[in-house]
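Okay, here's what each chain looks like letter by letter:
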Amino acid sequence: MRRPKLRRPRLPRTRTGQRRLVQAVMAGCVLALLPATWMYVSTGDRLRTTADAPRTEVAVVFGAGLWDGEPSPYLANRLNAAAELYRAGRIKVVLVTGDNSRKDYDEPDAMRTYLTKHGVPGARIVSDYAGFDTWDSCVRAKKIFGVDRAVLISQGFHIRRAVALCEAAGVTSYGIGVDAKHDVTWYYGGTREIFAAGKAALDVLFHPDPRFLGPQEPGVAKALAGAR
């Protein structure tokens, strides 16, 4: 049985047809970049460094993968920034949010262990085990943990999306984009953000429920009460 031959698409032969094709491609590119442009513009005045971050009760650190059960270098850099803010007295509590969808993969506990080794008391660390993506983490920070204002910590290529989504979820947010080596992972992350911006725009527009919501948890309130 012969396989049907795939026909290559024909390009327009007339100048009018070619012009319309170019216009369609350009319009598609513009539409694809609109969400990223929106994120860049809407979060421009919300970015800080560890040196000038506002004094805020809560910092949120997003998961970024584990290597053999330990925080990846990217995640370690985020946690180092959180520990620095805590030691400087700019934050009181760290909410670590990440993936614990299976028993052999536990980002929040690995993040907690790392922070305690770097000077953050365990009583000042709250774990969100259902931060499966950025939108879920932001919504859960607000609805489950009662966070109204926070400093968000991530890499520079991700922090604008984190700020935009947490603002949309009702958390007044300031973002700290930590330094990262410009390796393959960094370039992959930057490219991925262009496409992730589209999903972020849909999340802001439709406000979907997280994969897992559950009951409210008093962890942040208790940690703050102990810090006073």
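Model, not experiment: these values are computed from the prediction.

Basis of the calculations
- Residues numbered from 1 in each chain as written.
- Predicted model: local features only at pLDDT ≥ 70, side-chain atom pairs only at ≥ 80, totals over all residues.
- Heavy atoms only, no water.
- Buried < 20%, exposed > 50% of the residue type's maximum accessible area, 1.4 Å probe, protein only.
- Helix = DSSP H or I, 4+ residues; strand = E, 2+ residues; numbered from the N terminus.
- Polar contact = N/O pair within 3.5 Å; in protein donor to acceptor, adjacent residues only side chain to side chain.
- Lys, Arg positive; Asp, Glu negative; His and termini not counted.
- Salt bridge = Lys/Arg side-chain N within 4 Å of Asp/Glu carboxyl O.
- Contact = heavy atoms within 4.5 Å.
- Disulfide = S-S within 2.5 Å.

K.L.:
A description of helix H4 (residues 134-143) should follow, citing residues and the corresponding values.
P.N.:
Among the ten residues that make up H4, eight are buried, leaving the element largely enclosed by the rest of the structure. Taken residue by residue, H4 has Thr134, Trp135, Asp136, Ser137, Cys138, Val139, Arg140 and Ala141 as its buried positions. Between the side-chain oxygen of the N-cap and the backbone nitrogen of Trp135 there are 3.3 Å, and the N-cap of H4 in question is Asp133.

K.L.:
Summarise the side chain of Glu107; cite the residues concerned and give the values.
P.N.:
Along the chain, Glu107 turns up in helix H3 (residues 107-117). No salt bridge is formed by the buried Glu107; the nearest opposite charge belongs to Arg78, separated by 7.5 Å. Side-chain polar atoms of Glu107 contact the backbone nitrogen of Ala64, separated by 3.4 Å. For Glu107, the side chain forms a polar contact with the main-chain nitrogen of Asp99, separated by 2.7 Å. Excluding residues that lie within four positions of it along the chain, Glu107 makes contacts with Gly63, Ala64, Gly65, Leu66, Gly98 and Asp99.

K.L.:
Can you explain the state of the cysteines? Please cite residues and give values.
P.N.:
Within this structure, the stated rule accounts for one disulfide. A sulfur-sulfur separation of 2.1 Å characterises the disulfide bridge that pairs Cys138 with Cys166. An S-S torsion of about -80° defines the bridge between Cys138 and Cys166 as left-handed. A residue pair is termed long-range when its members are at least 10 positions apart, and Cys138 in helix H4 and Cys166 in helix H5 (residues 156-168) qualify at 28 residues. For the residue pair Cys138 and Cys166, the accessibility class agrees, reading buried in each case.

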